[in-house]
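Each chain, written out:
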Amino acid sequence: MESSGIYKRHTNNKVLRRMNQLNNLQHKFPVVDSIPKSVRLPSQIHQRVSLVDGELKLWAGATKKTLSPIWIQQPDGSLQQVELGSYPVMGEKESDEALEAAVRAYNNGRGEWPMMKVSERIACMQKFIQRMVEQRDLIIKLIMWEIGKSLADSEKEFDRTITYMRQTIDALKDLDNANSRFVIAEGTIGQIRRTPLGVVLCMGPYNYPLNETFATLIPAMLMGNTIIFKPPQFGTLLFEPLLEAFRDSFPKGVINTIYAPGSLVVPHLLASGQINVLALIGSSKVADHLKKQHPKSHRLRAILGLDAKNAAIILPDADLDLTVKECLLGALSFNGQRCTALKMLMVHSSIADEFVNRLTAELAKLKVGMPWEKGVFITPLPGMHRTTYMTEVIEDAMAKGAKVVNLEGGEFCKTMFYPAVVYPVTEGMRLYREEQFGPVIPVSVYDDIETVLDYVTTSDHGQQVSIFGSDPEQIGHLVDPLVHQVCRVNINCQCQRGPDVFPFGGRKDSAEGTLSVHDALRAFSIRSMIAAKQTDDSKGMLASMVSEHYSKFVNTDFIF
């Protein structure tokens, strides 16, 4: 009887804590009057146009509501999800129209855009950037309201994207200027330049809907390719303010938008055989499936940013103050919804308990709230399907021996999910190998460093890893095998993409192709050249072609 009473009392306490946490999380959502006017959207956006062949075409068909991750407290105590607007839901017919426009604009490389001088394409892009900057306030608000990213991080995403675009233009000038000369070798005169690949199908992710989309779209356009652009499922409306700027800045057909379920139109587009490049930030399973749809897959160039399960290796002599700070940032920036997030913390057994205690103590200090609140760190997730998934992987780990070690970890209300530190996570649990892509921090313990190296080696992913420690000899010995498994080893700092001039890639299932300000221009182009024998007649002909500007390819122009 006594033990039954204790069990009942403990159960009641657990239920009470759960109710208190739910109540606490529910009250993180605002009442309407508490939302500052400065962060409110001016109105709902009910998009009824798409950009195809240089025209904003009206859409009178089916539409889909855009719901924010943010809910509003109602007078009766309930919550109501914010409706931001709606956008078209198209089909194969509309995707065919977009494809035809892009193919026609490219015209086997003879279209206006691919035939333009590099300086002329740069001028078009600079015009677009100016128009884009005019929409800064609205786009930032849409990022915040559509995906729940903090206002500060939404501002950073917009500004970083503008910087990236300008850096890409500068890199293209350098690239073209370096090729604006003739090379003579073994009696042959040559000029080597980069030329476009054709029609690019571009799809970005929801977590960085502007920045990572433009990280492929902008260099692809600048190199002379034409584009079919499908916005992400979350973060769709934020491109609506840019449609007129796209239309007015570029020749018709250079960029065409399609608003349709990806599972419906993307395989259809690829099956046409007319897509030359697939630019996708998504999952490896989706990428594998899509590449098979192309009738001649060897002709399809793929630029892919895919899955990652980046590990932090925490050595016994790590500076725990620094390590805890970097691991929290790495695991929970934008609620852990980054491919570069730290998704597995591997801690030496001698410091594991102390590390976990410090980690949970610092996590408890993080501010939970709405994206516009100053200093907020944890914000709502894009949809309730994400809270469902996080709960599933936590319950799987707990059923196999792990615990949620931080107070209230894993509790949620609607789209608000409180981060969970799960410890110890071992092989066989979903969290050990599966990319959680959210605010769940798995912590694993090791004694032998070979266990860590084996984890990274046997992983399906190979993007990055972080090492935390103080002994340069030990870290040096770890770097050597790790650089053959991942593309970036971070020492005493979190994994990250930037600076954008650094190469960003991955091994195994994590990526195909490399992106950076410089690499992306090369990824969306191919080297082509002209060659002639080193004779007086050839020299005279080439000199005449250059001086009389008979060719846009053969020139020695310098772009300032």
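Along each chain, the written sequence defines residue order, and numbers are assigned to residues from 1. Reporting in this predicted model follows two pLDDT cut-offs: at least 70 for local features of residues, and 80 or more for side-chain atom pairs to be given and counted; totals over whole chains, interfaces and linings ignore these cut-offs and use all residues. Heavy atoms throughout the structure, all of them, feed into the side-chain values; hydrogens and water do not.

> Would you mind showing me how to read the overall build of the protein here?
Within the protein one finds 18 helices and 25 strands. Here the radius of gyration uses the C-alpha set of atoms, whereas the globule reference equals 2.2 Å times the residue count to the power 0.38. Taking 560 residues into account, the globule formula puts the C-alpha radius of gyration at 24 Å, and the protein, at 26 Å, falls close to it. Overall, the protein is about 105 × 60 × 40 Å in size when its C-alpha atoms are taken along their principal axes. Between buried and exposed lies partly exposed: a residue is buried under 20% and exposed over 50% of the maximum accessible area for its type, with that area taken using a 1.4 Å probe on protein chains only. The buried share of the protein, reckoned over its 560 residues, is 55%. Residue contacts are defined here by distance: any two heavy atoms, one from each residue, within 4.5 Å place the two residues in contact. Counted over contacts in the protein with a minimum sequence separation of 6, partners at least 24 positions apart contribute 75%. Per-residue and other accessible areas were derived by the Shrake-Rupley procedure at a 1.4 Å probe size, with only the shown protein chains allowed to occlude residues. Counting every atom, the protein has about 24400 Å² of accessible surface; 52% of that belongs to carbon and sulfur. In this description a helix means any DSSP run of H or I spanning at least four residues, a strand means any run of E spanning at least two, and both kinds are numbered starting from the N terminus.

> Is there a simple way to explain the sheet that holds strand β24 (residues 511-512) in this structure?
Backbone hydrogen bonds hold the strands of a sheet together, and the pairing may be parallel or antiparallel. By the convention used here, strands pair only if DSSP detects at least 2 bridges between them. What the six strands build is an open sheet, ordered β10-β9-β8-β11-β12-β24; its pairing is mixed. With partners counted over all chains shown, the strands left at the sheet margins are β10 (255-257) and β24, one partner each. A fitted line through C-alpha atoms serves as each axis, taken over the contacting stretch for helices, and the angle formed by two N-to-C directions is quoted from 0 to 180°. Where helix α7 (residues 211-222) meets the sheet, it contacts β8 (199-203), β9 (226-230), β10 and β11 (277-281), and its direction lies at approximately 165° from that of β9. Where helix α10 (residues 284-291) meets the sheet, it contacts β8, β11, β12 (301-305) and β24, and its direction lies at approximately 165° from that of β11.

> What's the story with the packing of helix α11 (residues 320-332) against helix α12 (residues 352-363) in this structure? I'm lost.
One can describe the packing of α11 onto α12 by two numbers: an axis separation of 10 Å at closest approach and a directional angle of 55°. With respect to α12, the axis of α11 lies oblique. Here the hand of the crossing between α11 and α12 comes out right-handed. Contacts from L320, D321, T323, V324, C327, L328 and L332 of α11 reach α12 at E354, F355, R358, L359, E362 and L363. Should an angle fall under 35 degrees it is taken as roughly parallel, and over 145 as roughly antiparallel, whereas 65 to 115 is taken as roughly perpendicular and any remaining angle as oblique. Here a crossing is called left-handed whenever its near helix is offset anticlockwise from the far helix by less than a right angle, and right-handed whenever the offset is clockwise.

> What's the story with the sheet that holds strand β7 (residues 188-196) in this structure? I'm lost.
Sheet architecture is open: three strands sit in the order β6-β7-β25, paired in antiparallel fashion. Either end of the sheet is taken by a strand with one partner, and the two such strands are β6 (183-185) and β25 (525-533). Across the sheet, the axes of successive neighbouring strands diverge by a mean angle of 35°, strand direction being ignored. Pairing geometry for β7 and β25, over nine bridges, is antiparallel. In the strand pairing of β25, G190 is matched with A531.

> Teacher, can you tell me more about helix α13 (residues 384-399) here?
Counting along an α-helix, one turn takes 3.6 residues, and residues three or four places apart therefore face a common direction. Expected span of a helix: the number of residues minus one, times 1.5 Å. Taking 1.5 Å of rise per residue, 16 residues should cover 22 Å, and α13 covers 23 Å from first to last C-alpha, within 8% of that figure. Of the positions making up α13, those classed as buried are R386, T387, Y389, M390, T391, V393, I394, D396 and A397. For α13, the elements touching its buried residues are β15 (403-404), β16 (412-413), β17 (416-417), β18 (420-423), α14 (430-433) and β19 (440-446). Taken from the residues just after α13, G401 is the one with a positive phi, measuring 115°.

> Would you mind showing me how to read a negative patch on the surface here?
Patches in this entry comprise residues that are over 30% relatively accessible and not in a salt bridge; like charges within 9 Å are linked, as are nonpolar side chains (Val, Leu, Ile, Met, Phe, Trp, Tyr) within 5 Å. Every case where a carboxyl oxygen of Asp or Glu lies within 4 Å of a side-chain nitrogen of Lys or Arg is listed as a salt bridge. In this tally, Asp and Glu contribute negative charge and Lys and Arg positive charge; neither His nor the terminal groups of the chain are included. Where a charge lies is defined by one atom per residue type: Lys uses NZ, Arg uses CZ, Asp uses CG and Glu uses CD. A contiguous patch of negative charge on the surface is contributed by D447, D448, E450 and D454. Secondary-structure assignment places E450 in helix α15 (residues 449-458). Its relative accessible area of 49% is what places E450 among the partly exposed residues.

> Explanation requested: the environment of A308 in the structure shown.
Mapped onto the fold, A308 is located in the loop between β12 and β13 (310-314). Put simply, A308 and Q436 are 128 residues apart on the chain and 9.6 Å apart in space, counted from C-alpha to C-alpha.

> In this structure, what is going on with the packing of aromatic side chains? I would like to understand it.
Each aromatic ring pair is summarised here by two numbers: the centre-to-centre distance and the angle between the ring planes. Aromatic pairs are defined between Phe, Tyr and Trp rings, using the six-membered ring for Trp, whenever the two ring centres lie within 6.5 Å; interplanar angles under 30 degrees are classed as stacked, those over 60 as edge-to-face, and all others as tilted. Under the criterion given, the structure shown has 14 aromatic pairs. Measuring from ring centre to ring centre gives 6.3 Å for F246 and F250, while their planes differ by 35°; the resulting arrangement is tilted. The same class applies to F246 and to F250, which are both buried. Every member of this aromatic cluster is reached through a ring pair, and the members are W113, F128, F214, F229, F239, F246 and F250.

> Can you walk me through the pattern of salt bridges in this structure?
Two side chains of opposite charge can pair, provided their charged atoms sit close to one another. Overall, the coordinates contain 22 salt bridges when judged by the stated rule. Residue R358 is joined to D321 by a salt bridge in which the shortest nitrogen-to-oxygen separation is 2.8 Å. Linking R358 in helix α12 with D321 in helix α11, this pair joins segments that are 37 residues apart in sequence. R358 gets classed as partly exposed once you look at its relative accessible area, which sits at 30%. Among the charged side chains, a salt-bridge network with shared partners connects R131, R247 and D248.

> I keep staring at the confidence of the model for the protein and nothing clicks. Help me out?
The predicted structure's coordinates, where accompanied by low pLDDT, should not be read in detail. Per-chain confidence: the protein averages 95 in pLDDT, with 96% of residues scoring 70 or above. Residue-level confidence of the predictor, termed pLDDT, takes values from 0 up to 100. Scored below 50 in pLDDT, residues 1-12 shows zero contacts in the model against residues more than four places distant or in partner chains.

> Sorry, what's going on with the packing of helix α6 (residues 151-178) against α7 here?
Each pair of packed helices can be summarised by the angle the axes make with each other and by the distance between the axes. At a minimum axis distance of 10 Å, the contact between α6 and α7 shows a crossing angle of 25°. Relative to α7, α6 is oriented roughly parallel. The chirality of how α6 crosses α7 is right-handed. When α6 is examined against α7, the residues E157, R160, T161, Y164, M165, T168, I169 and L172 are found in contact with a partner set consisting of N211, F214, A215, I218, P219 and L222. Its residues placed into classes, the contact of α6 with α7 shows nine nonpolar, three polar and two charged. Lys, Arg, Asp and Glu make up the charged group, whereas Ala, Val, Leu, Ile, Met, Phe, Trp, Tyr, Cys and Pro make up the nonpolar group; the residues left over, Gly among them, are polar.

> Explanation requested: the environment of V118 in the structure shown.
The residue V118 is located in helix α4 (residues 118-133) in this model. Sequence separation between V118 and M223 is 105 residues; the distance between their C-alpha atoms is 7.8 Å.

> Can you walk me through empty space enclosed by the protein in this structure?
Remark: the empty space left among the atoms is shown by a probe the size of a water molecule rolled over them. The method works on a 1 Å grid over the protein atoms by themselves. A cavity is a set of points holding a 1.4 Å probe that cannot get out, a pocket is an open set with protein on both sides within 12 Å along at least five of seven lines, and residues with an atom within 4 Å of a point line them. Grid points are joined across faces, edges and corners, and a volume is the space filled by probe spheres set on the points. Enumeration over the complete set of coordinates arrives at three cavities of 30 Å³ or more. For the largest cavity, the calculated volume is near 120 Å³. Of all elements in the fold, only β12 and β24 reach the threshold of two or more residues within the lining of the largest cavity. At three residues, the largest contribution of residues to the lining of the largest cavity is made by β12. Split by residue class, the lining of the largest cavity holds eight nonpolar, six polar and three charged.

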